[in-house]
Amino acid sequence: MTDGPVVGQAAVDQLLEVLDLASTGTMSFRGMSPPVGPQRVYGGQVAGQALVAAGRTVDPERVVHSLHGYFVRAGDPAEPIAYEVENIRDGRSFSVRRSVALQHGKPIFFMSASFQRTEEGLDHQTPVPPHVPGPDEVPTMPERLARYPERLGIWGQIPRPIDVRYVGEPGWVAPGDRPAEPHQRVWMRIDGKLPDDPLLHACALTYASDLTLLDSVLSMHGEVWGPGGVVGASLDHALWFHRPFRADEWFLYDCESPSASGARGLAAGRMFTVDGRHIASAVQEGLLRRVGA
């Protein structure tokens, strides 16, 4: 029995096991969930695994540049997840795959992903947000969690393969403790060393991209997750990879919400390296409903 969650390289090694799908056919794979986790499969996990499945059917010289997925059913972490990949097209420059995650014979998630051979072309980007404190200048996750032990629940037990450091107040503080902010900014990195495989870094970034994005909708209103606040679920997820990166090096996840209505909220995020390179962009819509105290 441990006193807390698995962290650091041990947690990263567990993540690598989760992303290392078993082959069950030429275009089919099987994935598992961590032994300790929430009551439903974490969305970033199933998206990351679906990308692993798709990427294993593509020429390694072609790098993923975008993915678009829909969460259609809650996943059961106690059951294996089957991944079926369809080859939509292999062209001269691009390969497109459709990856479907299934449990009990029904889809829980499906994704389209596109891969491109390396090419040269025009190059520009939006600048990194100014005056953002660096990852060493903001509290660590354990420092923030120490203030709210009563709100930990399962999150105080599950492995933490990602080092997440919030620039402002996170969405899991107590109701009333979070000021309204138009941006939610967090520093992230895989909390250990990853192999050099670019596909694995893309899958790890996909895993991380679902962790805090939807929280930017709540940030606009100073709202929080859980009792006295809001419960939610991801409905879809889109991610574009712009430039080479390592997911085990710090990146700033700058998120905002352009709209919320009809119990749904839209969130958009940009990811920047410490030296200011714009490496990826994400967009997600989620279901958000108020709950009582």
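Below you will find a few notes about this structure.

Definitions and limits used
All residue numbers refer to positions counted from 1 along the written sequence of the respective chain. Predicted model: local features are reported for residues with pLDDT of at least 70 only, side-chain atom pairs are reported and counted for 80 or more only, and whole-chain, interface and lining totals are derived from all residues. Based on all heavy atoms of the structure, the side-chain values leave hydrogens and waters out of the count. Two aromatic rings, drawn from Phe, Tyr or Trp (for Trp, its six-membered ring), form a pair once their centres lie within 6.5 Å of each other, and the interplanar angle then sorts them: stacked below 30 degrees, edge-to-face above 60, tilted otherwise. The helix and strand labels rest on DSSP assignments: H or I over at least four residues marks a helix, E over at least two residues marks a strand, and numbering proceeds from the N terminus. By salt bridge we mean one thing: a side-chain nitrogen of Lys or Arg within 4 Å of a carboxyl oxygen of Asp or Glu. Any pair of cysteine sulfurs within 2.5 Å is marked as a disulfide. The classification of residues rests on relative accessible area computed with a 1.4 Å probe and restricted to protein chains. Under 20% of the type maximum is buried, over 50% is exposed, and intermediate values are partly exposed. Polar contacts, as used here, are pairs of N or O atoms within 3.5 Å; protein pairs need one atom able to donate a hydrogen and one able to accept it. Residues neighboring in sequence count only if both atoms are side-chain atoms. It only takes one pair of heavy atoms within 4.5 Å for two residues to be counted as in contact. To qualify as a nonpolar core, a set must consist of buried Ala, Val, Leu, Ile, Met, Phe, Trp, Tyr and Cys residues joined through side-chain atoms within 4.5 Å. Note: two strands are recorded as paired if DSSP finds a minimum of 2 bridges between them.

Two aromatic rings, taken as a pair, are described by how far apart their centres are and by the angle between their planes. On inspection of all chains with the given rule, the structure shows five aromatic pairs. Between the aromatic rings of Y42 and Y207, the centroid separation amounts to 5.0 Å while the plane-to-plane angle is 75°, which identifies the pairing as edge-to-face. Within this pair, whereas Y42 is found in the loop between β2 (28-31) and α2 (43-55), its partner Y207 is found in helix α4 (residues 198-209), the two being separated by 165 residues in sequence. Aromatic side chains F71 and F109 sit 4.8 Å apart centroid to centroid with 45° between the ring planes, which places their arrangement in the tilted category.

All right, on to the pattern of salt bridges then. Counted according to the given criterion, the structure contains 16 salt bridges. Put simply, R144 and E169 hold a salt bridge, and the shortest N to O gap is 3.8 Å. Taken together, the positions of R144 in helix α3 (residues 141-145) and E169 in the loop between β7 (162-166) and β8 (183-190) put the pair 25 residues apart, joining distant regions of the chain. Through salt bridges with shared partners, a single ionic network connects D136, D163, R165 and R189.

Here we come to the state of the cysteines. For the structure on display, the rule yields zero disulfides. Considering cysteine sulfurs only, C255 is the nearest to C203, which forms no disulfide, with 20 Å between them. Residue C203 is classed as buried on the basis of its relative accessible area of 1%. C255 sits in the buried class, given a relative accessible area of 0%.

In this section: the side chain of S234. If you trace the backbone, S234 turns up in strand β9 (residues 230-241). At a separation of 3.0 Å, a polar atom in the side chain of S234 contacts the side chain of D210. Side chain to side chain, S234 and Q284 meet in a polar contact 3.4 Å long. Setting aside its immediate chain neighbours within four residues, S234 contacts F71, D210, L214, Q284, E285 and G286.

If you look at the biggest cluster of nonpolar residues, it comprises 67 residues, and the most contacted ones within it are L51, Y83, F109 and F241. Beyond its immediate stretch of four places on either side in the chain, Y83 contacts L21, M27, S28, F29, G31, V46, Q49, A50, A53, S99, V100 and A101.

Inspection of the sheet shows strand β10 (residues 251-261) paired to strand β11 (residues 264-273) by nine bridges, in the antiparallel sense. Following the sheet pairing, S261 is matched in β11 by R264. Direction of pairing for β11 relative to strand β12 (residues 278-290): antiparallel, over a ladder of nine bridges. Among the inter-strand pairings, G265 is bridged to a residue of β12, identified as G286. Remark: four residues form the turn of the hairpin made by β11 and β12, two consecutive strands paired antiparallel; G276 in that turn has positive phi of roughly 90°.

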